[in-house]
Amino acid sequence: MRERHGAGRPGLVERFPAPLKEHGGRGRVKPPVHPGAWWLWSLCLGVAASRTTNPLVLALLVTVTAYVVAVCRSRSAPWSRSYAAFARLALAVLLVRLAFTVLLGSPVPGAHTLVTLPEVPLPHWAQGIRLGGRVTAEALVFALYDGLRIATLLICVGAANALASPARLLKSLPGALYELGVAVVVALTFAPHLVADVQRLRAARRLRGRPDSGVRGLLQVGLPVLEGALERSVALAAAMDARGYGRSADVPDRVRRTTAVLTLGGLLGICVGTYGLLGAEGGGYGPALLPAGVVAALAGLRLGGRRSPRTRYRPDPWDARAWLVSGSGAAVAALLTLASVGDPDALHPGVVPLVAPTLPLWPAAAVLLGLLPALVLPKEPS
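Residues numbered from 1 in each chain as written. Predicted model: local features only at pLDDT ≥ 70, side-chain atom pairs only at ≥ 80, totals over all residues. Heavy atoms only, no water.

## Digging into the confidence of the model for the chain
Part 1 of the argument: Mean pLDDT over the chain stands at 78; residues scoring 70 or higher make up 80%.
Part 2 of the argument: Within the chain, helix 2 (residues 12-15) has the poorest average pLDDT of any element, 36, and helix 4 (residues 55-72) the best, 94.
Part 3 of the argument: Across residues 1-27, confidence stays below pLDDT 50; counting only partners more than four residues off in sequence or on other chains, it has 10 contacts. (pLDDT = per-residue confidence, 0-100. Helix = DSSP H or I, 4+ residues; strand = E, 2+ residues; numbered from the N terminus. Contact = heavy atoms within 4.5 Å.)

## Some details on the pairing of strand 1 (residues 113-120)
Part 1 of the argument: Among the eight residues in strand 1, zero count as buried, and that is only a small part of the element.
Part 2 of the argument: Of the pairings in the sheet, the one linking strand 1 to strand 2 (residues 131-136) comprises five bridges and is antiparallel in character. Within strand 2, the residue paired with Val120 across the bridge is Leu131. (Buried < 20%, exposed > 50% of the residue type's maximum accessible area, 1.4 Å probe, protein only. Pairing = 2+ DSSP bridges.)

## A few points about the packing of helix 3 (residues 35-50) against helix 6 (residues 137-163)
Part 1 of the argument: Interaxial distance between helix 3 and helix 6 falls to 8 Å at its minimum, and their mutual angle equals 175°. By the angle class used here, helix 3 and helix 6 are roughly antiparallel. Contacts from Trp38, Trp39, Trp41, Ser42, Leu45, Gly46, Ala49 and Ser50 of helix 3 reach helix 6 at Arg149, Thr152, Leu153, Cys156, Val157, Ala159, Ala160, Asn161 and Leu163.
Part 2 of the argument: Here the residues of the contact of helix 3 with helix 6 are counted per class, giving 11 nonpolar, five polar and one charged. (Axes fitted to C-alpha atoms, helices over the stretch in contact; angles between N-to-C directions. Parallel < 35°, antiparallel > 145°, perpendicular 65-115°, else oblique. Nonpolar A, V, L, I, M, F, W, Y, C, P; charged D, E, K, R; others polar.)

## Some thoughts on the pattern of salt bridges
Part 1 of the argument: Following the criterion strictly, the structure yields five salt bridges and no others.
Part 2 of the argument: When the shortest N-O distance is used, the salt bridge between Arg232 and Asp197 registers 3.1 Å. In this pair, Arg232 sits in helix 9 (residues 214-242) while Asp197 sits in helix 8 (residues 178-207), placing the two residues 35 residues apart along the sequence.
Part 3 of the argument: With relative accessibility at 24%, the residue Arg232 sits in the partly exposed group.
Part 4 of the argument: Of the charged contacts in the structure, one is a salt bridge between Arg321 and Asp319, with a shortest N-O distance of 3.0 Å.
Part 5 of the argument: With a relative accessible area of 23%, Asp319 lands in the partly exposed category. (Salt bridge = Lys/Arg side-chain N within 4 Å of Asp/Glu carboxyl O.)

Here it is as structure tokens:
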């Protein structure tokens, strides 16, 4: 009976894989790694990327994120394909940064002229800006290093989107951020549908012999896509309202005022403390304000959660795997920060005069610690 029942539904085995057998045939599949751990890992790698302009170290960071995403992502999830989109966006940002340097010039002095473009004279109130003129190798290399750093930051964010489920991340948010999290998750969920609608409509227009590119094709494709997005938005809003989304509990005015003061004061303390740590003259107040701001912001979020009472069905546990993932990213960020302070020349190769970048050994070894999740964790189910 069981075989005949499964034979009539061929997708049943693929949709519901068999659990892992432990302790004599009984057991269950371990839940995926906490999505917050993947976001912490990716953001820490982004912090490490912000501490260097060495193209070899940045390329190593991109390689680490690509390998971890290839090994640990879920193949069947729609969000797992977002890494390639972020990589294309990073490439576009890099090209735009180089184009701006060629067209608008750069304050970096240079002695190696590559090309001289016709320069457009500008009025006196536009001093410091030029259109065209001399393009030097030093200016292009400086723009390349800066664009690579921004591109690496975008790729790190793309790795977080490819590894962490938006719905599970929403469940893990504190109650004070739940409404904001719902808006972000809805936006991230609808984005693949928009791309699929565009591809479907362009294919249909090509089959009918109609243009699918240019201004006319863009208008003919964009209007149905917009109409479909509005219909899905209205349907989703009605479904969420029927299920009680947006309901809030009554809290005393004193609690609301305390929550606002703690949250705003904590965020202000975090901003000022971070600036103090990064600035040269803020070493006295930065280390004190940053943890105080974090504590105040967490307290405000804790109190703000009383306004949105909700329950969690099967909450994601923060287990040893989550500590391993987040700890490996934090180790990369901490070691790269120490390296940027102890040996800044190795992580920031010179541009004037031009010198070939070299790969520093122990910062490169520190970046390789980011591979720990791919080496230790089992592959996600496909």
